[in-house]
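# Structural description and commentary
Single-letter residue listing:
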Amino acid sequence: MRIDKFLKLSRIIKRRTVAKELADQGRISINGKVAKSSANVGTNDEVEIRFGNKTATFKVLKLQDIVKKDEAQDLYELVSEKYEEGDRQDF
């Protein structure tokens, strides 16, 4: 399954176009390799997404073409979530 489709179905990202843009900007990695939106993802793959100062890592548990809203979180497991401090100066 394409990574942009998986991110939308799992509801990690609300819109597939947003997932596609993030992937095409090099902000999504699958198993440590930068992935384009057309890259395939499989079960047990680790997906890392960088949004601004937040980096989230997920493990893909299963793939489904049709997912109900309350079952979407069963498709993945959150491995880690990191927030990076920006270059902030206190005056």
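Quick notes on the rules
- Residues numbered from 1 in each chain as written.
- Predicted model: local features only at pLDDT ≥ 70, side-chain atom pairs only at ≥ 80, totals over all residues.
- Heavy atoms only, no water.
- Helix = DSSP H or I, 4+ residues; strand = E, 2+ residues; numbered from the N terminus.
- Buried < 20%, exposed > 50% of the residue type's maximum accessible area, 1.4 Å probe, protein only.
- Areas by Shrake-Rupley, 256 points an atom, 1.4 Å probe, with all protein chains shown as cover.
- Lys, Arg positive; Asp, Glu negative; His and termini not counted.
- Charge placed at Lys NZ, Arg CZ, Asp CG, Glu CD.
- Salt bridge = Lys/Arg side-chain N within 4 Å of Asp/Glu carboxyl O.
- Pairing = 2+ DSSP bridges.
- Contact = heavy atoms within 4.5 Å.

On to the overall build of the chain, then. Of regular secondary structure, the chain possesses two helices and five strands. Principal axes of the C-alpha set define a box for the chain whose edges measure 50 × 25 × 20 Å. Within the chain, the fraction of its 91 residues that count as buried is 33%. When the accessible surface of the chain is summed, it comes to about 6300 Å², and 44% of that surface belongs to carbon and sulfur atoms. Each charge class in the chain can be summarised by its mean position, and for the 19 positive and 16 negative side chains these summaries are 6 Å apart.

The tally for this structure, following the rule as stated, stands at six salt bridges. A salt bridge links D4 to R16, with the nearest nitrogen and oxygen atoms 3.4 Å apart. On the criterion of sequence distance, the pair formed by D4 in helix α1 (residues 3-9) and R16 in helix α2 (residues 16-24) is long-range, its members being 12 residues apart. Here D4 falls in the buried class, since its relative accessible area comes to 2%. Connected through salt bridges with shared partners, the residues R2, D4 and R16 form a single ionic network.

Here we come to the pairing of strand β3 (residues 46-51). Bridging between strand β1 (residues 28-30) and β3 involves three bridges; their strand directions are antiparallel. The residue bridging I28 from the neighbouring strand is I49, located in β3. Of the strand pairs in this sheet, β3 and strand β4 (residues 54-60) are connected by six bridges, and their pairing is antiparallel. The residue of β4 that forms the bridge with I49 is A56. Connecting β3 to the antiparallel partner β4 that follows it, the hairpin turn spans two residues, and G52 within it adopts a positive phi of roughly 55°.

Strand order across the open sheet formed by five strands is β2-β1-β3-β4-β5, with antiparallel pairing between neighbours. What marks the edges here is a single partner per strand, and that holds for β2 (33-34) and β5 (76-83).

Further remarks concern the environment of S80. For S80, the position within the fold is in strand β5. For the pair S80 and E48, spaced 32 residues apart in sequence, the C-alpha to C-alpha distance is 9.2 Å. Setting aside residues no more than four positions away along its own chain, S80 makes contact with T55, A56 and T57.

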